[in-house]
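Observations on the three-dimensional arrangement
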Amino acid sequence: MLVDGTCIIVGGGIAGLCAAIGLGNMGIEAHVYESASELKGIGAGFGLAANAMQALEHLGIKEEISLLGHYLDSYHVLDQGGAILVAPSTQSISQKYQQDNFAIHRADLHRFLLSKIPDSQIHLGKRAVSFEREGDGVHVHFADGSQVSGQTLLVADGVHSLLRQQLVPGSIPRYAGYTCWRATIDNSSIQLKEGSETWGNKGRFGMTPLVGNRIYWYACINSSPQNPVLKRWTTTELLDNFKHYHSPIPTILAETRDSDLISNDIIDIAPLRQLAFDNILLLGDAGHATTPNLGQGACQAIEDVAVLMDELNMATSIPQAFKRFEKRRLERVNYICNTSWKIGKIAQWEHPLLIGMRNFCMKVMPNSLKQQQLNKLLSVDFMQIHRSADR
Ligand SMILES: Cc1cc2nc3c(=O)[nH]c(=O)nc-3n(C[C@H](O)[C@H](O)[C@H](O)COP(=O)(O)OP(=O)(O)OC[C@H]3O[C@@H](n4cnc5c(N)ncnc54)[C@H](O)[C@@H]3O)c2cc1C
């Protein structure tokens with residue numbers, strides 16, 4: 001067996017938990033060290049695009065996860081008045097890639113992933129602060145003064161990763177220029193059926209129906225970083241900001257409780273040149289956090305794990321597997337990060353002239369051109385990239 005010593009995973013997010021499941025499938029007992037005292041996904045939903053569903057299939061958990069959410073029939077980008085700017089042909093995507101886009105509540109996904117890992121392999125309240133190499137092994141030090149040692153370290157502690165910053169000094173999060181609010185609310189009175197994102201002159205608003213008669217929504221507004229005024233905003237200020245947006249946006253905001261609001265500045269990390277460092281590997285947001293404009297952050301974390309398992313199955317040593325992983329992943333995750341950053345800038349335009357020009361171009365652009373970005377993301381087989389060239 002390739003991994004014959006202890007495998008340490010730092011971070012119990014989607015990347016860390018999927019990695020523990022993937023390794024478990026290979027008969028490897030990986031231990032997850034998580035800073036939080038309880039592991040539960042935050043109260044928001046997210047979309048898993050066709051590529052993520054394909055990666056979950058490689059990990060053998062797609063069918064079970066499919067039962068916890070629902071496939072999206074359509075997803076439109078709209079203008080402030082509700083007119084369609086982009087309507088990707090979900091039918092052609094489904095036919096082409098034999099997968100559909102999927103929406104799920106984070107807490108449901110987390111609960112499921114956790115249920116697949118023995119409790120004895122999950123260690124909570126463990127905030128990793130640094131690592132140190134010794135011989136072929138690695139020691140991880142935690143804020144509580146304890147440490148663990150292992151043969152392999154998977155760094156999956158998200159965009160703020162301290163261990164990444166030790167590996168790549170200066171790789172600190174960068175602010176995208178807009179702040180975001182999210183919440184999940186009841187859908188009984190609104191009866192939202194379709195997912196959409198609205199681009200207006202006072203920010204963006206996205207909404208998606210979830211199973212269990214719930215709606216997941218998010219709103220992004222341009223702001224300086226850590227803006228103390230916006231940090232104090234409640235649904236009253238949000239409703240005032242979006243009151244001229246099309247229905248049911250004002251109603252959704254009016255029906256949201258302040259206590260359900262989650263707010264955070266949108267950040268990513270500038271694309272890295274390296275993900276593999278001998279027996280240490282950066283996974284998920286720790287290695288390639290992206291702005292959420294393509295809805296690909298978690299999708300790429302899951303792809304990471306599928307590719308890693310593939311390489312571990314084939315390689316003759318851990319450093320070799322990690323290096324090959326890096327070759328297969330770097331170009332794709334960096335493309336997504338850069339593209340998402342650019343889309344975010346355009347989507348957040350506030351000047352009426354720029355908005356008018358943008359919306360006109362989006363309306364008259366042929367559908368095939370509009371779908372190019374999506375096709376580039378989905379048509380590339382992430383399980384194959386660079387594989388033959390490297391061997
Ligand atoms: C507003 C918004 C909307 C999004 N929408 C989508 C979407 O629709 N689709 C999509 O695919 N992605 C989306 N994403 C991105 C997605 O949330 C992330 O890419 C994904 O959660 C990354 O998973 P991860 O496991 O790599 O990192 P995280 O989810 O950040 O998990 C990291 C874990 O490590 C723990 N941790 C942190 N520091 C330490 C430490 N020092 N020691 C130990 N543990 C630590 C954290 O508590 C956490 O549990 C969105 C992101 C945002 C902000």
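A brief look at the structure comes next.

Cut-off values and rules
Residues numbered from 1 in each chain as written. Predicted model: local features only at pLDDT ≥ 70, side-chain atom pairs only at ≥ 80, totals over all residues. Heavy atoms only, no water. Helix = DSSP H or I, 4+ residues; strand = E, 2+ residues; numbered from the N terminus. Rg over C-alpha atoms; globule rule 2.2 N^0.38 Å. Contact = heavy atoms within 4.5 Å. Areas by Shrake-Rupley, 256 points an atom, 1.4 Å probe, with all protein chains shown as cover. Lys, Arg positive; Asp, Glu negative; His and termini not counted. Charge placed at Lys NZ, Arg CZ, Asp CG, Glu CD. Near = heavy atom within 4 Å. Polar contact = N/O pair within 3.5 Å; in protein donor to acceptor, adjacent residues only side chain to side chain. Nonpolar A, V, L, I, M, F, W, Y, C, P; charged D, E, K, R; others polar. Pairing = 2+ DSSP bridges. Axes fitted to C-alpha atoms, helices over the stretch in contact; angles between N-to-C directions. Parallel < 35°, antiparallel > 145°, perpendicular 65-115°, else oblique. Left-handed = near helix turned anticlockwise from the far one by under 90°. Salt bridge = Lys/Arg side-chain N within 4 Å of Asp/Glu carboxyl O. Buried < 20%, exposed > 50% of the residue type's maximum accessible area, 1.4 Å probe, protein only. Core = buried A, V, L, I, M, F, W, Y, C linked by side-chain atoms within 4.5 Å.

The number of helices and strands found in the protein is 16 helices and 19 strands. The C-alpha radius of gyration computed for the protein amounts to 21 Å, which stays within 12% of the reference 21 Å derived for 391 residues, consistent with globular compactness. When the backbone C-alpha atoms are referred to their principal axes, the protein occupies close to 60 × 45 × 40 Å. Expressed as a percentage of contacts within the protein between residues at least 6 apart in sequence, the contacts between residues at least 24 apart total 74%. Summed over its atoms, the accessible surface of the protein is roughly 16,600 Å², and 53% of this surface lies on carbon and sulfur atoms. In the protein, the 35 positive side-chain charges and the 38 negative ones have mean positions that sit 6 Å from each other.

The immediate surroundings of the ligand are formed by 29 residues, with Glu34, Gly47, Arg106, Ala128 and Asp285 found nearest. Isoleucine 14 is positioned such that a nitrogen or oxygen atom in its backbone is 3.0 Å from an oxygen atom of the ligand. In this structure, alanine 15 approaches the ligand through a main-chain N or O atom, which is 2.9 Å from an oxygen atom. Notes on the ligand: free accessible area 1,000 Å², of which the protein chains cover 82%. Secondary-structure elements contributing two or more residues to the shell around the ligand are helix H1 (14-25), strand S3 (45-48), strand S13 (174-186) and helix H11 (297-314). Broken down by element, the residue count for the shell around the ligand peaks at three residues, all from H11. Its residues assigned to classes, the shell around the ligand shows 11 nonpolar, 11 polar and seven charged.

Spatially, S3-S7-S4 is the arrangement adopted by the three strands of the open sheet, whose pairing is antiparallel. Of all the strands in the sheet, the pair left with one neighbour each is S3 and strand S4 (70-71). By the bridge criterion, four bridges tie S3 to strand S7 (residues 102-105) in an arrangement that is antiparallel. Looking at S7, one finds that glycine 47 is bridged to alanine 103.

Attention shifts here to the packing of helix H2 (residues 50-58) against H11. At a minimum axis distance of 8 Å, the contact between H2 and H11 shows a crossing angle of 30 degrees. Classified by the angle between their axes, H2 and H11 sit roughly parallel to one another. Handedness of the H2/H11 crossing: left-handed. Counted together, Asn51, Ala52, Ala55, Leu56 and His58 of H2 and Cys299, Gln300, Ile302, Glu303 and Ala306 of H11 form the full contact between these two elements. Here the contact of H2 with H11 is built from residues that sort into six nonpolar, three polar and one charged.

Let us now look at the pattern of salt bridges. Counted by the stated rule, this structure contains 16 salt bridges. Where arginine 329 meets aspartate 304, a salt bridge forms, and the shortest distance between an N and an O atom there is 2.7 Å. A residue pair is termed long-range when its members are at least 10 positions apart, and arginine 329 in helix H12 (residues 318-347) and aspartate 304 in helix H11 qualify at 25 residues. For the pair shown, arginine 329 and aspartate 304 are each scored as buried.

Read from one edge to the other, the open sheet built from seven strands follows the order S6-S5-S14-S15-S16-S13-S17, with strand pairing classed as mixed. Where the open sheet ends on each side, the last strands, each with one partner, are strand S6 (84-86) and strand S17 (262-268). Within the sheet, the average angular offset between the axes of one strand and its neighbour, ignoring direction, is 25 degrees. Of the strand pairs in this sheet, strand S5 (residues 75-79) and S6 are connected by two bridges, and their pairing is antiparallel. Within the sheet, the bridge partner assigned to leucine 78 lies in S6 and is isoleucine 84. Across the face of the sheet, H12 comes into contact with S13, strand S14 (195-200), strand S15 (203-210) and S17 while running at roughly 80 degrees to S13. Along the sheet, helix H13 (residues 352-364) makes contact with S5, S6 and S14, crossing S6 at roughly 75 degrees.

Mapping leucine 85 onto the fold places it in strand S6. When near neighbours in sequence (up to four residues on either side) are disregarded, leucine 85 contacts Val77, Leu78, Asp79, Asn359, Met362, Lys363 and Lys370.

This part covers the nonpolar core. Of all hydrophobic cores here, the largest spans 80 residues; its most connected members are Ile9, Leu48, Leu153 and Leu154. In contact with leucine 48, other than residues within four places in its own chain, are Met53, Leu56, Asp100, Asn101, Phe102, Ile104, Leu109, Ala298, Cys299 and Ile302. If you look at the next biggest cluster of nonpolar residues, it comprises 20 residues, including Phe205, Ile215, Leu230 and Trp233.

Residue position: threonine 339 is located in helix H12. On the accessibility criterion, threonine 339 (8% relative accessible area) is buried. A polar atom in the side chain of threonine 339 sits 2.6 Å from the backbone oxygen of tyrosine 335.

Our focus in this paragraph is the packing of H1 against H11. Following both chains from N to C, one finds H1 and H11 inclined at 25 degrees, their axes separated by 9 Å at the closest point. By the angle between their axes, H1 is roughly parallel relative to H11. At the point where H1 passes H11, the crossing takes the right-handed sense. Side by side, H1 and H11 meet where Ile14, Ala15, Cys18, Ala19, Gly22 and Leu23 of the first sit next to Ala298, Ala301, Ile302, Val305, Met309 and Leu312 of the second. Across the contact of H1 with H11, the residue classes break down as 11 nonpolar, one polar and no charged.

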